[in-house]
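Structure at a glance
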Amino acid sequence: MFSTLSAIWALLVGMVLIMMGNGMHFTLIGVRGGIEGFSSAELAVVTSGYFLGFLSGARLAPVMIRRVGHVRVFAALGSFMSAGLIAFPLVTEPWAWTLLRILLGFCMSGVYVTAESWLNNAATNESRGSVLSAYMLAQTLGIIAAQGVLTFGDAAGPALFIGASILVSVSFAPILLSATPVPAAELAKPMSLVRLFRESPLGAVGIVLLGGVFAAQSGMGAVFGAQIGLDTSQVALFVAMLFAGSLVLQYPIGFLSDRMDRRKLILGAAVCGVGACVLGFMSQSLWVLMAAAFISGGVATPLYSLFIAHTNDFLQVEDMPAASGGLVFGYGLGAIFGPLVTGWTMQYAGPEGFWLVMLVLFGLIAGYAAWRMTRRASVPVDETDAYLNVLPTTSQVAVEAAGAWAIDYAEGQAAEAEEEEARARGDAA
(Lines give C-alpha, C1' and ligand atoms only; values in the text may rest on other atoms or scores of the structure.)
Protein backbone atom coordinates (compact mmCIF):
# COMPACT_ATOMS: atom_id res chain seq x y z
CA MET A 1 0.00 0.00 0.00
CA PHE A 2 2.82 2.39 0.91
CA SER A 3 4.55 1.75 -2.40
CA THR A 4 1.31 2.47 -4.27
CA LEU A 5 0.73 5.76 -2.44
CA SER A 6 4.34 6.76 -2.99
CA ALA A 7 3.76 6.30 -6.71
CA ILE A 8 0.72 8.58 -6.77
CA TRP A 9 1.71 11.25 -4.25
CA ALA A 10 2.33 13.75 -7.05
CA LEU A 11 -1.17 13.21 -8.38
CA LEU A 12 -2.69 13.69 -4.93
CA VAL A 13 -0.73 16.89 -4.27
CA GLY A 14 -1.57 18.16 -7.72
CA MET A 15 -5.27 17.44 -7.28
CA VAL A 16 -5.36 19.31 -3.98
CA LEU A 17 -3.90 22.39 -5.70
CA ILE A 18 -6.20 22.05 -8.73
CA MET A 19 -9.25 21.77 -6.50
CA MET A 20 -8.08 24.81 -4.54
CA GLY A 21 -7.93 26.87 -7.72
CA ASN A 22 -11.21 25.53 -9.04
CA GLY A 23 -12.92 25.86 -5.65
CA MET A 24 -11.80 29.48 -5.35
CA HIS A 25 -13.28 30.38 -8.73
CA PHE A 26 -16.63 28.74 -7.91
CA THR A 27 -17.09 30.95 -4.85
CA LEU A 28 -15.59 34.02 -6.50
CA ILE A 29 -18.14 33.86 -9.31
CA GLY A 30 -20.99 34.36 -6.86
CA VAL A 31 -19.30 37.07 -4.79
CA ARG A 32 -17.76 39.03 -7.66
CA GLY A 33 -20.91 38.64 -9.77
CA GLY A 34 -22.88 40.36 -7.01
CA ILE A 35 -20.34 43.18 -6.87
CA GLU A 36 -20.64 43.64 -10.64
CA GLY A 37 -24.43 43.77 -10.38
CA PHE A 38 -25.22 40.50 -12.13
CA SER A 39 -28.76 39.26 -11.49
CA SER A 40 -29.52 35.82 -10.04
CA ALA A 41 -30.74 34.64 -13.45
CA GLU A 42 -27.54 35.81 -15.14
CA LEU A 43 -25.37 34.11 -12.54
CA ALA A 44 -27.45 30.96 -12.96
CA VAL A 45 -26.60 30.87 -16.67
CA VAL A 46 -22.93 31.47 -15.85
CA THR A 47 -23.00 28.64 -13.32
CA SER A 48 -24.71 26.20 -15.67
CA GLY A 49 -22.06 26.90 -18.30
CA TYR A 50 -19.50 25.02 -16.22
CA PHE A 51 -21.60 21.86 -16.10
CA LEU A 52 -22.35 22.07 -19.82
CA GLY A 53 -18.62 22.17 -20.48
CA PHE A 54 -18.03 19.39 -17.98
CA LEU A 55 -20.49 17.09 -19.70
CA SER A 56 -18.92 17.84 -23.10
CA GLY A 57 -15.42 17.22 -21.79
CA ALA A 58 -16.40 13.85 -20.40
CA ARG A 59 -17.26 12.74 -23.94
CA LEU A 60 -14.34 14.31 -25.81
CA ALA A 61 -11.42 13.87 -23.37
CA PRO A 62 -11.00 10.10 -23.98
CA VAL A 63 -10.88 10.78 -27.74
CA MET A 64 -8.16 13.40 -27.28
CA ILE A 65 -6.17 11.12 -24.99
CA ARG A 66 -6.22 8.30 -27.53
CA ARG A 67 -4.95 10.68 -30.21
CA VAL A 68 -2.11 12.52 -28.45
CA GLY A 69 -1.62 10.90 -25.03
CA HIS A 70 -2.67 11.80 -21.52
CA VAL A 71 0.36 13.99 -20.68
CA ARG A 72 -0.20 16.35 -23.63
CA VAL A 73 -3.93 16.56 -22.95
CA PHE A 74 -3.23 17.23 -19.28
CA ALA A 75 -0.78 20.04 -20.09
CA ALA A 76 -2.98 21.64 -22.74
CA LEU A 77 -6.12 21.65 -20.61
CA GLY A 78 -4.17 23.02 -17.66
CA SER A 79 -2.89 25.91 -19.76
CA PHE A 80 -6.37 26.80 -21.01
CA MET A 81 -7.78 26.54 -17.50
CA SER A 82 -5.13 28.84 -16.04
CA ALA A 83 -5.70 31.39 -18.81
CA GLY A 84 -9.46 31.23 -18.32
CA LEU A 85 -9.19 32.00 -14.62
CA ILE A 86 -7.09 35.10 -15.28
CA ALA A 87 -9.58 36.30 -17.91
CA PHE A 88 -12.56 36.60 -15.53
CA PRO A 89 -11.71 40.05 -14.11
CA LEU A 90 -10.71 41.33 -17.57
CA VAL A 91 -14.19 41.06 -19.12
CA THR A 92 -16.89 41.33 -16.47
CA GLU A 93 -19.88 40.56 -18.66
CA PRO A 94 -22.31 37.64 -18.13
CA TRP A 95 -21.88 36.32 -21.71
CA ALA A 96 -18.09 36.34 -21.39
CA TRP A 97 -18.19 34.62 -18.01
CA THR A 98 -20.54 31.98 -19.39
CA LEU A 99 -18.09 31.18 -22.19
CA LEU A 100 -15.21 31.05 -19.72
CA ARG A 101 -17.17 28.75 -17.45
CA ILE A 102 -17.88 26.39 -20.35
CA LEU A 103 -14.15 26.35 -21.06
CA LEU A 104 -13.25 25.68 -17.42
CA GLY A 105 -15.84 22.91 -17.12
CA PHE A 106 -14.50 21.26 -20.26
CA CYS A 107 -10.92 21.52 -19.00
CA MET A 108 -11.72 20.17 -15.53
CA SER A 109 -13.60 17.21 -16.98
CA GLY A 110 -10.59 16.35 -19.13
CA VAL A 111 -8.26 16.79 -16.18
CA TYR A 112 -10.33 14.33 -14.16
CA VAL A 113 -10.35 11.75 -16.95
CA THR A 114 -6.58 11.92 -17.47
CA ALA A 115 -5.72 12.01 -13.76
CA GLU A 116 -8.06 9.17 -12.89
CA SER A 117 -6.75 7.05 -15.77
CA TRP A 118 -3.27 7.38 -14.29
CA LEU A 119 -4.59 6.72 -10.80
CA ASN A 120 -6.47 3.61 -11.88
CA ASN A 121 -3.44 2.28 -13.72
CA ALA A 122 -1.20 2.78 -10.68
CA ALA A 123 -3.54 0.89 -8.32
CA THR A 124 -3.80 -2.87 -7.92
CA ASN A 125 -6.97 -4.80 -7.13
CA GLU A 126 -5.89 -4.93 -3.49
CA SER A 127 -5.04 -1.23 -3.18
CA ARG A 128 -7.69 0.32 -5.44
CA GLY A 129 -10.16 1.00 -2.64
CA SER A 130 -7.59 2.82 -0.51
CA VAL A 131 -6.19 4.74 -3.47
CA LEU A 132 -9.64 5.94 -4.51
CA SER A 133 -10.42 6.99 -0.94
CA ALA A 134 -7.18 9.00 -0.80
CA TYR A 135 -8.05 10.64 -4.12
CA MET A 136 -11.55 11.60 -2.96
CA LEU A 137 -10.12 12.97 0.28
CA ALA A 138 -7.60 15.08 -1.65
CA GLN A 139 -10.40 16.57 -3.76
CA THR A 140 -12.57 17.48 -0.78
CA LEU A 141 -9.70 18.95 1.23
CA GLY A 142 -8.69 21.05 -1.76
CA ILE A 143 -12.16 22.57 -2.09
CA ILE A 144 -12.38 23.31 1.63
CA ALA A 145 -8.87 24.82 1.70
CA ALA A 146 -9.82 27.05 -1.24
CA GLN A 147 -12.43 28.79 0.88
CA GLY A 148 -9.76 29.68 3.44
CA VAL A 149 -7.52 31.20 0.77
CA LEU A 150 -10.37 33.50 -0.30
CA THR A 151 -10.19 35.33 3.02
CA PHE A 152 -6.74 36.71 2.14
CA GLY A 153 -7.85 38.88 -0.77
CA ASP A 154 -10.43 41.33 -2.05
CA ALA A 155 -13.08 39.81 -4.30
CA ALA A 156 -13.53 43.17 -6.02
CA GLY A 157 -10.02 43.06 -7.44
CA PRO A 158 -8.17 40.66 -9.76
CA ALA A 159 -5.78 39.21 -7.15
CA LEU A 160 -7.91 36.21 -6.12
CA PHE A 161 -8.54 35.18 -9.72
CA ILE A 162 -4.81 35.45 -10.38
CA GLY A 163 -4.14 33.39 -7.24
CA ALA A 164 -6.51 30.68 -8.46
CA SER A 165 -4.71 30.66 -11.80
CA ILE A 166 -1.33 30.33 -10.09
CA LEU A 167 -2.55 27.39 -8.01
CA VAL A 168 -3.77 25.57 -11.11
CA SER A 169 -0.54 26.30 -13.00
CA VAL A 170 1.65 25.10 -10.14
CA SER A 171 -0.48 21.99 -9.62
CA PHE A 172 0.55 20.51 -12.95
CA ALA A 173 4.28 20.62 -12.19
CA PRO A 174 4.49 17.65 -9.79
CA ILE A 175 2.09 15.63 -11.93
CA LEU A 176 3.73 16.20 -15.32
CA LEU A 177 7.30 15.88 -14.00
CA SER A 178 6.59 12.49 -12.44
CA ALA A 179 3.89 11.12 -14.73
CA THR A 180 4.55 7.75 -16.29
CA PRO A 181 2.91 6.51 -19.49
CA VAL A 182 -0.50 4.96 -18.96
CA PRO A 183 -2.92 3.24 -21.31
CA ALA A 184 -5.29 5.55 -23.16
CA ALA A 185 -8.60 6.08 -21.40
CA GLU A 186 -11.00 3.35 -22.50
CA LEU A 187 -14.51 3.98 -21.25
CA ALA A 188 -17.58 1.87 -21.78
CA LYS A 189 -20.29 3.35 -23.98
CA PRO A 190 -22.79 4.95 -21.60
CA MET A 191 -26.08 3.17 -21.05
CA SER A 192 -29.04 5.19 -22.29
CA LEU A 193 -31.19 6.89 -19.68
CA VAL A 194 -34.20 4.94 -20.96
CA ARG A 195 -32.54 1.60 -20.34
CA LEU A 196 -31.09 2.84 -17.08
CA PHE A 197 -34.60 3.76 -15.96
CA ARG A 198 -35.85 0.29 -16.85
CA GLU A 199 -33.09 -1.35 -14.82
CA SER A 200 -33.21 1.01 -11.84
CA PRO A 201 -35.89 3.72 -11.86
CA LEU A 202 -34.78 5.14 -8.52
CA GLY A 203 -31.15 5.33 -9.61
CA ALA A 204 -31.97 7.05 -12.91
CA VAL A 205 -34.45 9.58 -11.53
CA GLY A 206 -32.57 10.17 -8.30
CA ILE A 207 -29.22 10.91 -9.96
CA VAL A 208 -30.77 13.59 -12.21
CA LEU A 209 -32.49 15.28 -9.25
CA LEU A 210 -29.31 15.06 -7.20
CA GLY A 211 -27.34 16.70 -10.01
CA GLY A 212 -29.63 19.70 -9.60
CA VAL A 213 -29.05 19.74 -5.83
CA PHE A 214 -25.27 19.51 -5.98
CA ALA A 215 -24.89 22.07 -8.77
CA ALA A 216 -27.18 24.48 -6.93
CA GLN A 217 -25.12 24.07 -3.77
CA SER A 218 -21.68 24.42 -5.34
CA GLY A 219 -22.65 27.03 -7.95
CA MET A 220 -25.37 29.14 -6.35
CA GLY A 221 -24.39 28.83 -2.69
CA ALA A 222 -21.99 31.76 -2.96
CA VAL A 223 -24.62 33.79 -4.83
CA PHE A 224 -27.08 33.16 -2.01
CA GLY A 225 -24.54 34.16 0.63
CA ALA A 226 -23.66 37.39 -1.16
CA GLN A 227 -27.32 38.33 -1.64
CA ILE A 228 -28.18 37.96 2.07
CA GLY A 229 -25.32 40.27 3.01
CA LEU A 230 -22.56 37.88 4.08
CA ASP A 231 -19.03 39.19 3.61
CA THR A 232 -16.46 37.23 1.60
CA SER A 233 -15.10 35.29 4.59
CA GLN A 234 -18.61 34.30 5.67
CA VAL A 235 -19.55 33.24 2.15
CA ALA A 236 -16.37 31.16 2.01
CA LEU A 237 -17.25 29.55 5.34
CA PHE A 238 -20.76 28.78 4.08
CA VAL A 239 -19.39 27.01 0.98
CA ALA A 240 -16.76 25.23 3.07
CA MET A 241 -19.49 23.87 5.36
CA LEU A 242 -21.27 22.34 2.37
CA PHE A 243 -18.20 20.25 1.60
CA ALA A 244 -17.15 19.68 5.22
CA GLY A 245 -20.50 17.99 5.77
CA SER A 246 -19.82 15.55 2.94
CA LEU A 247 -16.38 14.82 4.39
CA VAL A 248 -17.85 13.94 7.80
CA LEU A 249 -21.04 12.12 6.78
CA GLN A 250 -19.77 10.11 3.81
CA TYR A 251 -18.30 7.30 5.89
CA PRO A 252 -21.12 6.81 8.45
CA ILE A 253 -23.64 6.66 5.61
CA GLY A 254 -21.37 4.29 3.72
CA PHE A 255 -21.18 2.05 6.80
CA LEU A 256 -24.97 1.89 7.00
CA SER A 257 -25.29 1.37 3.26
CA ASP A 258 -23.77 -2.10 3.42
CA ARG A 259 -26.02 -3.14 6.31
CA MET A 260 -29.56 -2.09 5.35
CA ASP A 261 -31.95 -1.54 2.46
CA ARG A 262 -30.33 1.29 0.51
CA ARG A 263 -33.70 2.74 -0.45
CA LYS A 264 -34.45 3.37 3.22
CA LEU A 265 -31.09 5.09 3.58
CA ILE A 266 -31.74 7.19 0.46
CA LEU A 267 -35.12 8.15 1.90
CA GLY A 268 -33.60 9.04 5.27
CA ALA A 269 -30.77 11.10 3.75
CA ALA A 270 -33.20 13.00 1.50
CA VAL A 271 -35.51 13.71 4.46
CA CYS A 272 -32.50 15.08 6.37
CA GLY A 273 -31.81 17.27 3.33
CA VAL A 274 -35.38 18.56 3.42
CA GLY A 275 -35.03 19.34 7.13
CA ALA A 276 -31.75 21.18 6.54
CA CYS A 277 -33.36 23.29 3.81
CA VAL A 278 -36.25 24.20 6.09
CA LEU A 279 -33.70 25.15 8.75
CA GLY A 280 -31.79 27.31 6.28
CA PHE A 281 -34.97 28.91 4.92
CA MET A 282 -36.12 29.96 8.40
CA SER A 283 -32.71 30.78 9.83
CA GLN A 284 -32.03 34.16 11.39
CA SER A 285 -28.66 33.13 12.81
CA LEU A 286 -25.32 32.76 11.02
CA TRP A 287 -24.45 29.56 12.86
CA VAL A 288 -27.84 27.98 12.20
CA LEU A 289 -27.25 28.82 8.54
CA MET A 290 -23.88 27.08 8.69
CA ALA A 291 -25.46 24.03 10.31
CA ALA A 292 -28.03 23.90 7.50
CA ALA A 293 -25.22 24.03 4.93
CA PHE A 294 -23.29 21.29 6.75
CA ILE A 295 -26.27 18.91 6.80
CA SER A 296 -27.58 19.61 3.29
CA GLY A 297 -24.12 19.29 1.76
CA GLY A 298 -23.33 16.36 3.99
CA VAL A 299 -26.16 14.21 2.64
CA ALA A 300 -25.88 15.29 -1.02
CA THR A 301 -22.50 13.68 -1.73
CA PRO A 302 -23.29 10.31 -0.07
CA LEU A 303 -26.56 10.21 -2.01
CA TYR A 304 -24.50 10.20 -5.21
CA SER A 305 -22.65 7.10 -4.06
CA LEU A 306 -25.89 5.52 -2.83
CA PHE A 307 -27.60 5.92 -6.20
CA ILE A 308 -24.66 4.30 -8.00
CA ALA A 309 -24.48 1.41 -5.53
CA HIS A 310 -28.27 0.93 -5.59
CA THR A 311 -28.28 0.83 -9.40
CA ASN A 312 -25.47 -1.73 -9.48
CA ASP A 313 -27.46 -3.97 -7.12
CA PHE A 314 -29.90 -4.66 -9.98
CA LEU A 315 -27.35 -5.11 -12.78
CA GLN A 316 -25.21 -7.89 -14.14
CA VAL A 317 -21.49 -7.31 -13.66
CA GLU A 318 -20.91 -6.78 -17.39
CA ASP A 319 -23.50 -3.96 -17.48
CA MET A 320 -22.04 -1.93 -14.61
CA PRO A 321 -19.44 0.08 -16.59
CA ALA A 322 -22.07 1.20 -19.11
CA ALA A 323 -24.46 2.05 -16.29
CA SER A 324 -21.74 4.18 -14.67
CA GLY A 325 -21.53 6.24 -17.84
CA GLY A 326 -25.30 6.61 -17.96
CA LEU A 327 -25.44 7.73 -14.34
CA VAL A 328 -22.67 10.29 -14.84
CA PHE A 329 -24.51 11.62 -17.90
CA GLY A 330 -27.83 11.82 -16.01
CA TYR A 331 -26.13 13.63 -13.16
CA GLY A 332 -24.61 16.08 -15.66
CA LEU A 333 -28.03 16.88 -17.14
CA GLY A 334 -29.42 17.62 -13.71
CA ALA A 335 -26.38 19.75 -12.91
CA ILE A 336 -26.98 21.90 -16.00
CA PHE A 337 -30.61 22.63 -15.19
CA GLY A 338 -30.33 22.83 -11.39
CA PRO A 339 -28.59 26.24 -11.24
CA LEU A 340 -30.90 27.64 -13.92
CA VAL A 341 -34.02 26.77 -11.93
CA THR A 342 -32.39 27.99 -8.71
CA GLY A 343 -31.29 31.30 -10.23
CA TRP A 344 -34.66 32.04 -11.77
CA THR A 345 -36.40 31.18 -8.52
CA MET A 346 -34.05 33.48 -6.60
CA GLN A 347 -34.72 36.19 -9.17
CA TYR A 348 -38.43 36.22 -8.37
CA ALA A 349 -38.63 34.83 -4.81
CA GLY A 350 -35.50 36.39 -3.34
CA PRO A 351 -32.37 34.71 -1.93
CA GLU A 352 -34.51 32.16 -0.03
CA GLY A 353 -35.30 30.62 -3.40
CA PHE A 354 -31.93 28.87 -3.00
CA TRP A 355 -33.30 26.76 -0.15
CA LEU A 356 -36.72 26.42 -1.73
CA VAL A 357 -35.44 24.73 -4.89
CA MET A 358 -33.21 22.33 -2.96
CA LEU A 359 -36.08 21.55 -0.58
CA VAL A 360 -38.26 20.58 -3.55
CA LEU A 361 -35.50 18.46 -5.11
CA PHE A 362 -34.70 16.65 -1.86
CA GLY A 363 -38.45 16.17 -1.32
CA LEU A 364 -38.86 14.63 -4.79
CA ILE A 365 -35.99 12.23 -4.08
CA ALA A 366 -37.54 11.22 -0.75
CA GLY A 367 -41.01 10.83 -2.19
CA TYR A 368 -39.87 8.79 -5.17
CA ALA A 369 -37.70 6.54 -2.96
CA ALA A 370 -40.68 5.89 -0.68
CA TRP A 371 -42.90 5.07 -3.67
CA ARG A 372 -40.32 2.73 -5.23
CA MET A 373 -40.17 0.78 -1.98
CA THR A 374 -43.78 -0.21 -2.61
CA ARG A 375 -43.12 -1.27 -6.22
CA ARG A 376 -40.09 -3.57 -5.96
CA ALA A 377 -38.67 -5.99 -3.45
CA SER A 378 -35.36 -5.06 -1.88
CA VAL A 379 -32.14 -6.88 -2.67
CA PRO A 380 -30.94 -8.95 0.31
CA VAL A 381 -28.11 -7.13 2.07
CA ASP A 382 -25.71 -10.05 1.65
CA GLU A 383 -26.24 -9.95 -2.13
CA THR A 384 -25.49 -6.23 -2.64
CA ASP A 385 -22.21 -4.81 -3.88
CA ALA A 386 -20.06 -2.65 -1.62
CA TYR A 387 -20.78 1.07 -1.22
CA LEU A 388 -18.81 3.18 -3.70
CA ASN A 389 -17.11 6.14 -2.06
CA VAL A 390 -17.07 8.49 -5.05
CA LEU A 391 -17.70 12.22 -5.38
CA PRO A 392 -19.98 13.98 -7.87
CA THR A 393 -16.93 15.89 -9.11
CA THR A 394 -15.25 12.76 -10.50
CA SER A 395 -15.44 11.40 -14.03
CA GLN A 396 -16.70 8.09 -15.38
CA VAL A 397 -13.16 6.69 -15.03
CA ALA A 398 -13.29 6.89 -11.23
CA VAL A 399 -16.86 5.58 -11.09
CA GLU A 400 -15.93 2.56 -13.22
CA ALA A 401 -12.80 1.96 -11.12
CA ALA A 402 -14.82 2.15 -7.92
CA GLY A 403 -17.34 -0.29 -9.40
CA ALA A 404 -14.57 -2.75 -10.25
CA TRP A 405 -13.25 -2.47 -6.71
CA ALA A 406 -16.73 -3.05 -5.27
CA ILE A 407 -17.14 -6.22 -7.32
CA ASP A 408 -13.73 -7.54 -6.25
CA TYR A 409 -14.45 -6.66 -2.63
CA ALA A 410 -17.83 -8.36 -2.66
CA GLU A 411 -16.36 -11.49 -4.27
CA GLY A 412 -13.58 -11.53 -1.69
CA GLN A 413 -16.06 -11.21 1.15
CA ALA A 414 -18.15 -14.04 -0.30
CA ALA A 415 -15.09 -16.25 -0.63
CA GLU A 416 -14.09 -15.56 2.97
CA ALA A 417 -17.62 -16.38 4.13
CA GLU A 418 -17.54 -19.68 2.23
CA GLU A 419 -14.16 -20.57 3.73
CA GLU A 420 -15.44 -19.72 7.21
CA GLU A 421 -18.52 -21.86 6.65
CA ALA A 422 -16.38 -24.75 5.39
CA ARG A 423 -14.13 -24.54 8.45
CA ALA A 424 -17.21 -24.51 10.69
CA ARG A 425 -18.57 -27.63 9.01
CA GLY A 426 -15.18 -29.29 9.39
CA ASP A 427 -15.01 -28.46 13.09
CA ALA A 428 -18.54 -29.75 13.59
CA ALA A 429 -17.67 -33.04 11.87
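Residues numbered from 1 in each chain as written. Predicted model: local features only at pLDDT ≥ 70, side-chain atom pairs only at ≥ 80, totals over all residues. Heavy atoms only, no water.

Attention now moves to the overall build of the protein chain. On a plain count of helices and strands, the protein chain comes out with 14 helices and 0 strands. Restricting to contacts in the protein chain with at least 6 residues of sequence separation, those with at least 24 account for 88%. Here the protein chain displays about 16700 Å² of accessible surface, and carbon together with sulfur accounts for 66% of that area. (Helix = DSSP H or I, 4+ residues; strand = E, 2+ residues; numbered from the N terminus. Contact = heavy atoms within 4.5 Å. Areas by Shrake-Rupley, 256 points an atom, 1.4 Å probe, with all protein chains shown as cover.)

What follows concerns the packing of aromatic side chains. Any pair of aromatic rings gets described here by the distance separating the centres and the angle formed by the planes. On inspection of all chains with the given rule, the structure shows 20 aromatic pairs. For the ring pair Tyr304 and Tyr331, a centre distance of 5.2 Å and an interplane angle of 70 degrees mean the geometry is edge-to-face. One end of the pair, Tyr304, is in helix α11 (residues 286–312); the other, Tyr331, is in helix α12 (residues 320–349), and 27 residues separate them in sequence. Residues Tyr304 and Tyr331 agree in their burial class; the two are buried. Following the ring pairs from residue to residue traces out a cluster consisting of Phe26, Tyr50, Phe51, Phe54 and Tyr112. Sitting over the ring of Phe26, Arg101 keeps its end group 4.4 Å from the ring centre. (Phe/Tyr/Trp six-rings, centres within 6.5 Å; stacked < 30°, edge-to-face > 60°. Buried < 20%, exposed > 50% of the residue type's maximum accessible area, 1.4 Å probe, protein only. Lys NZ or Arg CZ within 6 Å of the ring centre and 35° of its normal.)

Right, let's talk about the environment of Pro351 for a bit. Following the sequence through the fold, Pro351 ends up in the loop between α12 and α13 (353–372). Here the alpha-carbon distance between Pro351 and Phe224, two residues 127 residues apart in the chain, equals 5.5 Å. Not counting chain neighbours up to four residues away, the residues in contact with Pro351 comprise Phe224, Gln227, Ile228 and Met346.

With respect to the helices and strands, the residue Thr311 is situated in helix α11. The residues contacting Thr311, other than those within four sequence positions of it, are Leu196, Ser200, Gly203 and Leu327.

It is worth spelling out the packing of helix α8 (residues 201–227) against helix α9 (residues 232–257) at this point. Their axes nearest at 9 Å, the elements α8 and α9 cross at an angle of 160 degrees. Judged by the angle between their axes, α8 and α9 are roughly antiparallel. As α8 packs across α9, the resulting crossing turns out to be right-handed. On α9, the residues that touch Phe214, Gln217, Ser218, Gly221, Ala222, Phe224, Gly225 and Ala226 of α8 are Val235, Phe238, Val239, Leu242 and Phe243. (Axes fitted to C-alpha atoms, helices over the stretch in contact; angles between N-to-C directions. Parallel < 35°, antiparallel > 145°, perpendicular 65-115°, else oblique. Left-handed = near helix turned anticlockwise from the far one by under 90°.)

Our next topic: α11. Given a rise of 1.5 Å per residue, 27 residues ought to cover 39 Å, and the 40 Å separating the end C-alpha atoms of α11 matches this to within 8%. Burial within α11 is extensive, with 21 of its 27 residues counted as buried. Of the residues flanking the start of α11, the one acting as N-cap is Ser285, its side-chain oxygen 3.3 Å from the backbone nitrogen of Trp287. (Expected span 1.5 Å × (residues − 1). Polar contact = N/O pair within 3.5 Å; in protein donor to acceptor, adjacent residues only side chain to side chain.)

Here the focus is the environment of Ala369. Within the fold, Ala369 resides in helix α13. Sequence spacing of Ala369 and Gly268 is 101 residues, and the spatial spacing of their C-alpha atoms is 9.5 Å. Ala369 has contacts with Leu202, Arg263, Ile266 and Leu267, leaving out every residue within four places of it along the chain.

Attention now moves to the pattern of salt bridges. Applying the stated criterion to the full structure yields 4 salt bridges. For Arg195, the salt bridge identified is with Glu199, shortest N-O distance 3.9 Å. Here Arg195 pairs with Glu199, and both are found in helix α7 (residues 193–199), just 4 residues apart, close to one helical turn. Judged by relative accessible area, which is 30%, Arg195 ranks as partly exposed. For Arg262, the salt bridge is made with Asp313, and the minimal N-O distance between the two is 2.7 Å. Taken together, the positions of Arg262 in helix α10 (residues 262–282) and Asp313 in the loop between α11 and α12 put the pair 51 residues apart, joining distant regions of the chain. Residue Asp313 is classed as buried on the basis of its relative accessible area, which comes to 14%. (Salt bridge = Lys/Arg side-chain N within 4 Å of Asp/Glu carboxyl O.)

To continue, consider a nonpolar patch on the surface. A surface patch of nonpolar side chains, about 780 Å² in accessible area, is lined by Ile86, Leu90, Val91, Trp95, Leu99, Ile162, Ile166 and Val170. Listed by contribution, the elements that provide at least two residues to the nonpolar patch are α4 (94–122) and α6 (159–178). Here the nonpolar patch takes 3 residues from α6, the largest share from any one element. Secondary-structure assignment places Val91 in the loop between α3 (70–87) and α4. Judged by its relative accessible area of 37%, Val91 is partly exposed. (Patch = residues over 30% accessible without salt bridge, like charges linked within 9 Å, V, L, I, M, F, W, Y side chains within 5 Å.)

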